[in-house]
Amino acid sequence: RIFYYHQENAGQAKAKNTAIKAAKGEYLAVLDADNICTNNRFEVAVGFLSENPSYGLCHSDITSINEQGELISQDNMARYSGYAVNELLKDNFIAINTAVMRLGLVKAVNGFNENIRRADDYEFCLRFCLDQKIKYIAQKLCLYRVMENQISSDSRGRYISNEAILLNFYTQSATKYPHIKWRRGLSF
C-alpha cells in the first residue's frame, strides 16, 4: 500500500509533483516530514469530500508543537470556506499540511510551480482556488512542528515571495479576476 520514491533534493514543489504524477487515488494530501496528521484526518476530510462533490479541497486548523513534540499553541488564524480566492489574496490561510484535495483537480492546475522555492503552497492555493469551492473544517487535524531557522520563520523573505506570487497570479489571471478585488486583496 505504501510506495517510496527517492529523488535528489530539488525543492518541495518538485517532490510534491513527483508524488502527484505517481498518485493513483481520488484524493491527494500533503504532509511534510516534520509534521504529524491526526488519526482522524483522512476520515474527516475524505468523508466530507465524498459527500460533497462540488468542493475541490477541504482544510482545517493546526496545533503548533516544538521540535520535541510539545504543545506550543492551539491558536489559529481565520480560515474560510466557499469560493475564497478573495481571502487568499489577503493571506495564505490554508495550512497545506491539513489540505485534502481531489487529485484530478490538482493535476488540472498542473500541480505545484517548481520555479518557486518559498511559498509554493500559497501560489498553488491561489491557482487552485480561483475556480474551486473549498471547505474549512473547524477541527485541528494536523500537528505543525515549529523549528528554529525554518523557511516559514523568515518573515521578510515570506513577504517578498508572497508579493511576487501575488503579482504573477494577477498577471496570469487578470481575465478571470476583477481588478478592484485584486487591488483590495493586495492592499492587505
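In this text, all values refer to a predicted model and were calculated from it rather than measured experimentally.

Rules used throughout
Residues numbered from 1 in each chain as written. Predicted model: local features only at pLDDT ≥ 70, side-chain atom pairs only at ≥ 80, totals over all residues. Heavy atoms only, no water. 1 Å grid on protein atoms, 1.4 Å probe; cavity = no way out; pocket = protein on both sides within 12 Å on 5 of 7 lines; lining within 4 Å. Points joined across faces, edges and corners; volume = space filled by probe spheres on them. Helix = DSSP H or I, 4+ residues; strand = E, 2+ residues; numbered from the N terminus. Nonpolar A, V, L, I, M, F, W, Y, C, P; charged D, E, K, R; others polar. Buried < 20%, exposed > 50% of the residue type's maximum accessible area, 1.4 Å probe, protein only. Arc of directions from axis to C-beta. Contact = heavy atoms within 4.5 Å. Disulfide = S-S within 2.5 Å. Polar contact = N/O pair within 3.5 Å; in protein donor to acceptor, adjacent residues only side chain to side chain. Pairing = 2+ DSSP bridges.

Caption draft 1: Geometry of empty space enclosed by the protein. This model, assessed by the stated rule, comprises one cavity of 30 Å³ or more. Taken as a whole, the largest cavity spans an internal volume of roughly 30 Å³. What lines the largest cavity is R41, A45, C58, H59, S60, T98, I137 and L141. Those elements giving two or more residues to the lining of the largest cavity turn out to be α2 (41-51), β3 (55-65) and β6 (133-145). Broken down by element, the residue count for the lining of the largest cavity peaks at three residues, all from β3. Residues that form the lining of the largest cavity fall into these classes: four nonpolar, three polar and one charged.

Caption draft 2: Geometry of α2. For α2, the full list of buried residues reads R41, V44, A45, F48 and L49. Seen along its axis, α2 keeps its buried residues to an arc of 115°; they face one direction. Among the exposed residues of α2, those pointing more than 90 degrees away from its buried face are E43 and E51. Buried residues belonging to α2 abut β1 (27-29), β2 (36-37), β3, β5 (100-102) and β6.

Caption draft 3: The environment of A95, seen in detail. If you trace the backbone, A95 turns up in the loop between α3 (85-90) and β5. By relative accessible area, which is 17% here, A95 ends up buried. Excluding residues within four positions of it along the chain, A95 makes contact with I62 and R79.

Caption draft 4: Here's a closer look at the state of the cysteines. Overall, the coordinates contain zero disulfides when judged by the stated rule. Sulfur of C58: no disulfide; nearest cysteine sulfur belongs to C129 and is 12 Å away. Cysteine C142 is unpaired, with the sulfur of C37 as its nearest cysteine sulfur at 7.0 Å.

Caption draft 5: Representation of the side chain of H59. On the secondary structure map, H59 appears in strand β3. In this structure the side chain of H59 is engaged in a polar contact, spanning 2.9 Å, whose partner is the backbone oxygen of Y80. Aside from chain neighbours lying at most four places away, what touches H59 is R79, Y80, F93, I94, T98, A99, I134, K135, Y136 and I137.

Caption draft 6: View of the pairing of β3. Across the eleven residues that make up β3, a large majority, eleven, are buried. Sheet topology note: the β3/β5 ladder contains two bridges and is antiparallel. Residue pairing across strands places L57 opposite M101, the latter belonging to β5. Pairing geometry for β3 and strand β4 (residues 71-73), over two bridges, is antiparallel. Bridge pairing in β4 links I65 to L71.

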